[in-house]
Amino acid sequence: MNGDFENFKEQVRSTADMVEIISGYVPLKKKGQNYWGCCPFHGEKTPSFSVNPGKSMFYCFGCHEGGDIFKFIMKIENCSFMDALKLLAGRYGIPIPEKQKTAAEIAREKQRDSIYSANELASKFFQACLTKTAYGEPALAYLAGRGIGKEIIAGFGIGYALNNFTALVSSLAKRGCQPQVLEAAGLAARGRDGYYDKFRNRVIIPIRDARGRIVGFGGRVLDNSTPKYLNTAETQWFNKRRLLFGLDIALKAIRKSGRAVVVEGYMDAISLHAAGFDNVVASMGTAFSQEQAKLLQRLADEVIFCYDSDSAGRKASVRAVSIAREAGLKVRIAGVPDGKDPDEYVRQHGSAAFAQVLAAAQNGIDFQIDETILQNNIANLAGKVEAVSNILPFLLECQNEIEASEHIRRLAQRLTIDEGLIAEEYRKAARRGGRQQTGQPTVIPEEKSAGIGQQAEELLLRLLLEQPQLCDECRAEVKETGFEDAVLAQLFDRLCELGTAYTTDKLNNVLDDASQTALARILAHQLPEGDMDKLMQDCLRQMRRLRLEKEYEKHRLLADEYERSADERFLSELMESQRIKNEIKKLYGNQNK
Ligand SMILES: [Zn+2]
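Calculation criteria
Residues numbered from 1 in each chain as written. Predicted model: local features only at pLDDT ≥ 70, side-chain atom pairs only at ≥ 80, totals over all residues. Heavy atoms only, no water. Donors = N, O, S within 2.8 Å, 3.2 Å for Na, K, Ca; no water. Tetrahedral: all angles 85-135°; square planar, octahedral: opposite > 155°, others 65-115°. Helix = DSSP H or I, 4+ residues; strand = E, 2+ residues; numbered from the N terminus. Axes fitted to C-alpha atoms, helices over the stretch in contact; angles between N-to-C directions. Left-handed = near helix turned anticlockwise from the far one by under 90°. Contact = heavy atoms within 4.5 Å. Nonpolar A, V, L, I, M, F, W, Y, C, P; charged D, E, K, R; others polar. Patch = residues over 30% accessible without salt bridge, like charges linked within 9 Å, V, L, I, M, F, W, Y side chains within 5 Å. Areas by Shrake-Rupley, 256 points an atom, 1.4 Å probe, with all protein chains shown as cover. Salt bridge = Lys/Arg side-chain N within 4 Å of Asp/Glu carboxyl O. Lys, Arg positive; Asp, Glu negative; His and termini not counted. Charge placed at Lys NZ, Arg CZ, Asp CG, Glu CD. Parallel < 35°, antiparallel > 145°, perpendicular 65-115°, else oblique. Core = buried A, V, L, I, M, F, W, Y, C linked by side-chain atoms within 4.5 Å. Buried < 20%, exposed > 50% of the residue type's maximum accessible area, 1.4 Å probe, protein only. Domains from an automatic or database assignment. Phe/Tyr/Trp six-rings, centres within 6.5 Å; stacked < 30°, edge-to-face > 60°. 1 Å grid on protein atoms, 1.4 Å probe; cavity = no way out; pocket = protein on both sides within 12 Å on 5 of 7 lines; lining within 4 Å. Points joined across faces, edges and corners; volume = space filled by probe spheres on them. Pairing = 2+ DSSP bridges. Buried area = accessible area lost by both parts, 1.4 Å probe. Polar contact = N/O pair within 3.5 Å; in protein donor to acceptor, adjacent residues only side chain to side chain.

- The name given to the protein chain in an unreviewed UniProt entry is DNA primase, with the source organism recorded as Phascolarctobacterium succinatutens YIT 12067.

**Re the coordination of the zinc ion**
And step 1. Those donors, Cys 39 (SG), His 42 (ND1), Cys 60 (SG) and Cys 63 (SG), are the protein atoms that reach the zinc ion, and they lie 2.1 to 2.3 Å from it.
And step 2. Each of the four donor atoms bound to the zinc ion contributes to angles spanning 102 to 118°, and the resulting shape is tetrahedral.
And step 3. Taken in sequence order, the residues that donate to the zinc ion follow the motif C-x2-H-x17-C-x2-C. Taken as a pair, Cys 39 in the loop between β2 (34–37) and β3 (49–52) and Cys 60 in strand β4 (residues 57–60) lie far apart in primary sequence, 21 residues in all.

**Quick word on the packing of helix α5 (residues 103–132) against helix α8 (residues 167–174)**
And step 1. Running from N to C, α5 and α8 cross one another at 115°; their axes reach a closest spacing of 11 Å. In this structure, α5 meets α8 at a crossing whose hand is right-handed. Contact with α5, carried on its side by Ala 118, Leu 121, Ala 122, Phe 125 and Phe 126, involves Ala 167, Leu 168, Ser 171 and Leu 172 of α8 and no other residues of that element.
And step 2. Looking at the contact of α5 with α8, its residues break down into eight nonpolar, one polar and no charged.

**Comments concerning a negative patch on the surface**
And step 1. A cluster of acidic residues, Asp 472, Glu 473, Asp 531 and Asp 533, forms a negative patch on the protein surface.
And step 2. For Glu 473, the location among the structural elements is in helix α21 (residues 471–481).

**Topic: the packing of helix α16 (residues 381–396) against helix α18 (residues 419–431)**
And step 1. Across the interface, α16 lies against α18 with an axial gap of 10 Å and an inter-helix angle of 60°. When the axis of α16 is compared with that of α18, the two are oblique. Crossing angle aside, the handedness with which α16 passes α18 is right-handed. Of α18, the residues touching α16 (which contributes Val 388, Leu 392, Leu 395 and Leu 396) are Ile 422, Glu 425, Tyr 426, Ala 429 and Ala 430.
And step 2. Partitioning the contact of α16 with α18 into residue classes produces eight nonpolar, no polar and one charged.

**Details of the nonpolar core**
And step 1. Ranked by internal contacts, the top residues of the largest apolar core, which has 63 residues, are Phe 126, Ile 158, Leu 187, Phe 245, Ile 270 and Phe 354.
And step 2. If you count residues domain by domain, this core takes at least three from each of domain 2 (110–238) and domain 3 (241–366).
And step 3. Those residues in contact with Ile 158 that lie beyond four places of it in its chain are Gln 127, Leu 130, Leu 143, Ile 148, Ile 152, Ile 153, Val 203, Ile 204, Ile 205, Pro 206 and Ile 270.
And step 4. Ranked by size, the runner-up nonpolar core spans 35 residues in total, among them Leu 460, Leu 463, Tyr 502 and Leu 511.

**Examining the packing of aromatic side chains**
And step 1. Scanning all chains against the criterion turns up 22 aromatic pairs.
And step 2. A centroid spacing of 5.6 Å and a plane angle of 70° characterise the contact between Phe 305 and Tyr 307, whose relative ring orientation is edge-to-face. As far as burial versus exposure is concerned, Phe 305 and Tyr 307 are alike and both buried.
And step 3. Put simply, the rings of Tyr 25, Phe 41, Phe 49, Phe 58 and Phe 72 touch in pairs and so form one group of aromatic residues.

**Section: the layout of surface pockets**
And step 1. Space inside the second largest pocket adds up to approximately 800 Å³.
And step 2. The wall of the second largest pocket is formed by 24 residues, among which Asp 209, Arg 211, Arg 213, Arg 242 and Leu 295 lie closest to the centre.
And step 3. Breaking the lining of the second largest pocket down by element, the ones donating at least two residues are α5 and α12 (290–297).
And step 4. Its residues assigned to classes, the lining of the second largest pocket shows nine nonpolar, five polar and ten charged.

**Quick word on the sheet that holds strand β11 (residues 229–231)**
And step 1. Pairing is antiparallel across the open sheet formed by four strands, whose spatial order is β6-β9-β10-β11. Looking at strand neighbours, the two that pair on one side only are β6 (159–161) and β11, the edges of this open sheet. For this sheet the average axis-to-axis angle between neighbouring strands, irrespective of direction, equals 35°.
And step 2. Helix-sheet contacts for α5 involve β6, β9 (202–208) and β10 (214–221), and the interaxial angle to β10 is about 35°.
And step 3. Of the strands in this sheet, β6, β9 and β10 touch helix α6 (residues 137–145), which is tilted by about 70° from β9.

**Quick notes on a nonpolar patch on the surface**
And step 1. A grouping of Leu 571, Leu 574 and Met 575 is seen on the molecular surface, where their side chains present a nonpolar patch of about 320 Å² in accessible area.
And step 2. Structurally, Leu 571 is set in helix α26 (residues 570–592).

**A few points about the domain arrangement of the protein chain**
And step 1. Under the domain assignment used here, the protein chain contains domain 1 (2–91), domain 2 (110–238), domain 3 (241–366), domain 4 (376–438) and domain 5 (452–592).
And step 2. The centre of domain 1, based on its C-alpha atoms, is set 30 Å off from the matching centre of domain 5.
And step 3. Listed by partner, the interface residues are 19 residues for domain 1 and 18 residues for domain 5.
And step 4. Taken together, both faces of the contact between domain 1 and domain 5 bury some 1,400 Å²; the carbon and sulfur share is 48%.
And step 5. On the domain 1 side of the contact with domain 5, Gln 33, Lys 55 and Met 57 bury the most area, a combined 41% of that side's loss.
And step 6. Across the domain 1-domain 5 interface, the total number found is one salt bridge.
And step 7. Arg 13 serves as the salt-bridge partner of Asp 505, at 3.4 Å between the closest nitrogen and oxygen.
And step 8. The interface formed by domain 1 and domain 5 contains seven residue pairs in polar contact (both at pLDDT 80 or more).
And step 9. For the side of domain 1 that touches domain 5, the elements supplying multiple residues, two or more each, are α1 (2–15), β2, β3, β4 and β5 (66–67).
And step 10. The residue makeup of the side of domain 1 that touches domain 5, split by class, is five nonpolar, eight polar and six charged.

In structure tokens:
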């Protein structure tokens with residue numbers, strides 16, 4: 001089974017034409033050996049996204065995204081590895097090896113598929129009721145009153161459930177959809193006189209997963225009757241924690257802007273889309289979940305929460321900040337003025353005003369601190385101490401010490417408490433392990449720009465990836481000089497191990513994430529023309545020279561230091577630095593021969 005699967009994976013990988021596949025998403029142009037285009041993962045106007053057709057790897061010099069064809073599909077389709085594999089297999093007509101499924105699994109899948117298709121049929125029926133019958137007119141008028149026109153109705157597939165107990169059940173029965181299936185889908189229930197419709201006289205909003213499949217429905221009344229909202233009951237098929245309303249529609253805009261706006265309800269999301277904000281999704285309730293954070297983290301860097309500004313909404317925002325930050329997202333909170341919800345606000349004040357609200361969104365931690373201070377009476381010392389201890393967990397979630405200390409400084413000013421005291425409490429809490437729990441690294445390593453040393457190391461690897469038989473030749477030399485960059489060193493070691501038997505795929509399989517990205521980046525470099533052997537020697541010499549220059553600098557500094565303090569060791573350091581200098585000269589001498 002496992003072997004079958006590996007073969008299948010390799011068959012898909014070798015069949016898929018990377019340039020052809022990626023061209024389906026962004027136009028590519030050949031320049032040198034590689035193809036170039038504007039990166040689909042970050043907004044840009046000049047191409048920094050490159051595809052190496054021979055090695056089937058992509059790399060973006062702007063956002064440093066890179067990898068093989070599967071990684072590309074996973075990123076752009078926001079799907080799992082298995083889904084990417086299936087998508088490519090389907091595209092090239094490669095049969096997917098069937099796993100032996102248990103009878104229960106088969107039955108479950110069958111039921112799931114029947115529910116999806118029942119939902120699809122029901123949605124079409126609701127849409128027809130809204131747009132093609134006289135019964136739908138009041139609902140259309142209601143929607144128009146909320147600024148929701150034809151385009152948005154069609155885009156979200158909004159419909160209307162008739163004020164009738166059997167309209168859906170009987171209409172779908174005629175299309176071969178059994179009422180038992182509608183019951184399982186949460187669209188019908190069984191009463192004394194048979195099955196009846198659960199949604200009646202409501203505007204109907206289909207709720208889709210990220211792949212656009214309808215998994216449930218929301219229904220809103222047209223007047224003030226209750227319940228105002230009725231949703232499909234939670235089932236194993238419909239789990240709100242794992243869904244974000246509108247994600248299927250907002251996907252592209254979120255990816256492009258790198259930012260998502262999260263609101264509470266689907267009506268908020270729909271109104272904002274109607275007002276031109278196309279990166280809005282709804283968490284359907286205020287309990288923003290880790291699963292939802294993960295959905296967004298794959299698409300965006302930043303999330304702006306715009307929950308209702310009542311106290312429930314504000315409390316939920318405080319929690320949401322922590323959850324989103326833990327998933328690695330930057331977080332801001334947009335406060336809608338006058339206690340309104342976003343839907344109401346945008347209808348009353350217009351798009352420009354709402355854009356202002358988003359632009360003025362507050363940093364997540366600042367919001368958490370403000371809210372906590374509001375909850376405590378900071379007029380007296382006990383209240384201040386309480387506030388500090390409630391704020392500490394938020395500070396521990398900071399990305400790094402610098403950020404935390406900035407917040408500590410401002411908090412101290414605000415509470416008129418000594419900064420050192422808060423800092424001490426913070427350190428104590430950090431020692432107790434608060435920081436580790438958040439799973440955040442203490443300091444995020446800086447993205448470094450490629451220095452001359454790294455350039456030489458990358459060029460050497462670029463050559464070796466083209467001509468792996470040269471590995472043996474430079475192995476001894478590299479062993480002595482070493483790679484300065486640990487990620488590149490790993491890449492070199494793995495490449496040497498595979499030797500001439502290497503393929504990009506085999507190599508990728510034995511690399512960690514950082515080295516995989518480095519591999520993609522290196523393959524995006526143009527392969528220089530000329531004598532490979534000579535180029536390799538040039539790289540090695542360059543690496544050696546830089547290593548020696550560093551050594552020289554170290555000994556020279558030591559010599560200076562000893563001389564200043566009249567330490568006699570200065571002489572030996574001086575001699576050592578002179579010896580290194582000669583060695584560097586010799587390197588140049590060789591080159592001139
Ligand atoms: Zn990019």
